[in-house]
Amino acid sequence: MGIEIKTVGIIGAGQMGSGIAHVCAVAGLDVRLNDRDPDRLKNGLATVNGNLQRQVAKGTLSEDVRREAIARITPIESFDDFGPCDLVIEAATEDEAIKRQIFSALCPSLRPETMVATNTSSISITRLAASTDRPERFIGIHFMNPVPVMQLVELIRGIATEDPTYESARAFVSRLGKTVTVSEDFPAFIVNRILLPMINEAIYTLYEGVGSVDSIDTAMRLGANHPMGPLQLADFIGLDTCLSIMQVLYEGLADSKYRPCPLLVKYVEAGWLGRKSKRGFYDYRGPEPVPTR
């Protein structure tokens, strides 16, 4: 039998970490939220509160639930404060070296029975688990962005992940009201194995002059009934994250079809990362997004 998860620790208060904190708190779990950047931690808490207030305004959440959820989230500055947690989820940047450093520093602060998870969207669960002292209690729990809205969560077992860990993770996701899909531990798992090559191909289509930003996004919205064009979606995800996932696919599967488009590399090198940097395939610095090509 797995453990019952009542207190969740989250490392990283950015877009994903704050979203995970949001859904955990609404589900009645106690949350300890950490980020090495105090400003990002403060902004993450403000984001959670703002999103909860929007839910109240839409009538999907009561004011009492909003207040109780905010009260359940405790900002913490040190990994030592994760001691009481039953599960700690890493939601840091999509960089394997950074994630490994986090896990090595985290584990001495945890109880032996505490589970550890990563929200990685592409990196090997088995390799990340090897940087911990508990690979049998390590699992991938990949939330989709934006977490409060998206229904799906991918669960990915590493080679050493034991059944009780998997069962506890599955029960945790169910408590959040999400739907589980299970992926084997292959580069980028299921969703991003399919989605990111499509986005990369859209960027190649732009790079080769087949169509403009607007024409490519319009074609996929109206021709394939996608709710968002692939270049707009890339900006939403973050072009640095898109590049990281494509690099994991290219290196992990050794297939040229996963080679990141040079234009994607160029945008990331320029610091044009999408919505979060105000420039990507669209320029977000004005009242309305404007295509950059």
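Residues numbered from 1 in each chain as written. Predicted model: local features only at pLDDT ≥ 70, side-chain atom pairs only at ≥ 80, totals over all residues. Heavy atoms only, no water.

Caption draft 1: Layout of the environment of Ser183. Position of Ser183 among the secondary structure elements: in strand β8 (residues 179–183). On the basis of relative accessibility, which here comes to 6%, the residue Ser183 falls in the buried class. The spatial distance from the C-alpha of Ser183 to the C-alpha of Glu154 is 6.6 Å, given a sequence separation of 29 residues. In contact with Ser183, not counting residues within four places along its chain, are Leu155, Ile156, Arg157, Phe189 and Ile190. (Helix = DSSP H or I, 4+ residues; strand = E, 2+ residues; numbered from the N terminus. Buried < 20%, exposed > 50% of the residue type's maximum accessible area, 1.4 Å probe, protein only. Contact = heavy atoms within 4.5 Å.)

Caption draft 2: Broad picture of the sheet that holds strand β2 (residues 30–34). An order of β3-β2-β1-β4-β5-β6-β7-β8 is seen for the eight strands of this open sheet, with the pairing classed as mixed. Each edge of the open sheet is held by one strand with a lone partner, namely β3 (73–76) and β8. Here the strands of the sheet are splayed against their neighbours by 25° on average, with no regard to which way each runs. Sheet strands in contact with helix α4 (residues 96–106) are β1 (7–11), β4 (87–90), β5 (115–118) and β6 (138–143), and its direction is about 170° off that of β5. Against the sheet, helix α6 (residues 163–175) touches β1, β4, β5, β6, β7 (152–157) and β8, its axis set at about 25° to β6. (Pairing = 2+ DSSP bridges. Axes fitted to C-alpha atoms, helices over the stretch in contact; angles between N-to-C directions.)

Caption draft 3: Seen up close, the state of the cysteines. Counted according to the given criterion, the structure contains zero disulfides. No disulfide involves Cys24; its sulfur sits 10 Å from that of Cys85, the nearest cysteine. Assessed through its relative accessible area of 0%, Cys24 is described here as buried. Unpaired in this structure, Cys261 has its nearest cysteine sulfur neighbour in Cys242, at a distance of 12 Å. (Disulfide = S-S within 2.5 Å.)

Caption draft 4: Just the nonpolar core, in detail. Grouped together as the largest cluster of nonpolar side chains are 36 residues, with contacts concentrated most on Ile141, Phe143 and Phe172. Residues within four places of Phe172 in sequence aside, it is in contact with Ile5, Val8, Cys24, Leu29, Leu87, Ile89, Ile141 and Phe143. If you look at the next biggest cluster of nonpolar residues, it comprises 26 residues, including Ile199, Ile216, Tyr258 and Leu263. (Core = buried A, V, L, I, M, F, W, Y, C linked by side-chain atoms within 4.5 Å.)

Caption draft 5: Seen up close, the environment of Asp240. Along the chain, the position of Asp240 falls in helix α10 (residues 239–253). Sequence-wise, Asp240 and Asp185 are 55 residues apart; in three dimensions their C-alpha atoms are separated by 22 Å. Not counting residues within four places of it along the chain, the set of residues in contact with Asp240 comprises Val268, Leu273 and Lys276.

Caption draft 6: Summary view of the side chain of Asp235. Summarising the element assignment, Asp235 is placed in helix α9 (residues 230–237). Here Asp235 sits buried without a salt bridge, and the closest side chain of opposite charge, Arg275, lies 7.3 Å off (N-O distance). At 3.0 Å, the side chain of Asp235 and the backbone nitrogen of Tyr282 are in polar contact. Only 2.7 Å separates the side chain of Asp235 from the side chain of Tyr284, close enough to count as a polar contact. With near-sequence residues (within four places) excluded, Asp235 lies in contact with Leu273, Gly274, Arg275, Gly280, Phe281, Tyr282 and Tyr284. (Lys, Arg positive; Asp, Glu negative; His and termini not counted. Salt bridge = Lys/Arg side-chain N within 4 Å of Asp/Glu carboxyl O. Polar contact = N/O pair within 3.5 Å; in protein donor to acceptor, adjacent residues only side chain to side chain.)

Caption draft 7: The arrangement of the UniProt feature "domain: 3-hydroxyacyl-CoA dehydrogenase C-terminal" (unreviewed entry) in the protein in detail. With numbering aligned to this structure, UniProt lists the feature "domain: 3-hydroxyacyl-CoA dehydrogenase C-terminal" (unreviewed entry) at residues 189–284. Each end of residues 189–284 is marked by a C-alpha atom, and these two atoms are 31 Å apart; helix forms 61% of the span and strand 2%. (UniProt positions renumbered as here; feature names shortened; annotations may be inferred.)

Caption draft 8: Fine view of the packing of helix α7 (residues 191–207) against helix α11 (residues 262–269). The N-to-C vectors of α7 and α11 enclose an angle of 90°; their axes lie 8 Å apart at closest approach. Here α7 is positioned roughly perpendicular relative to α11, judged by the angle of their axes. When α7 is examined against α11, the residues Asn200, Ile203, Tyr204, Leu206 and Tyr207 are found in contact with a partner set consisting of Pro262, Leu263 and Leu264. (Parallel < 35°, antiparallel > 145°, perpendicular 65-115°, else oblique.)

Caption draft 9: How the structure looks around the UniProt feature "domain: 3-hydroxyacyl-CoA dehydrogenase NAD binding" (unreviewed entry) in the protein. Here the UniProt-annotated "domain: 3-hydroxyacyl-CoA dehydrogenase NAD binding" (unreviewed entry) positions come out as residues 7–185. Structurally, residues 7–185 is divided into 40% helix and 22% strand, and its ends, taken at the C-alpha atoms, are 27 Å apart.

Caption draft 10: Here's a closer look at unusual backbone geometry. Note that the residue after Asn145, namely Pro146, is joined by a cis bond; omega there is 0°. In the Ramachandran plot, Ala188 falls in the positive-phi region, its phi being about 75° despite a non-glycine side chain. Turning to its location among the elements, Ala188 is positioned in the loop between β8 and α7. Here the phi dihedral of Ala254 falls at roughly 50°; this positive angle occurs in a residue that is not glycine.

Caption draft 11: Region of the structure containing the packing of α7 against α9. Where α7 meets α9, the closest approach of the two axes is 9 Å, and the angle between their N-to-C directions is 120°. Considering how the two elements wind past one another, α7 and α9 form a crossing that is left-handed. Between α7 and α9, the contacting residues are Leu195, Met198, Ile199, Ala202, Ile203 and Leu206 on the first element and Pro230, Leu231, Leu233, Ala234 and Ile237 on the second. Of the residues assigned to the contact of α7 with α9, the class counts are 11 nonpolar, no polar and no charged. (Left-handed = near helix turned anticlockwise from the far one by under 90°. Nonpolar A, V, L, I, M, F, W, Y, C, P; charged D, E, K, R; others polar.)

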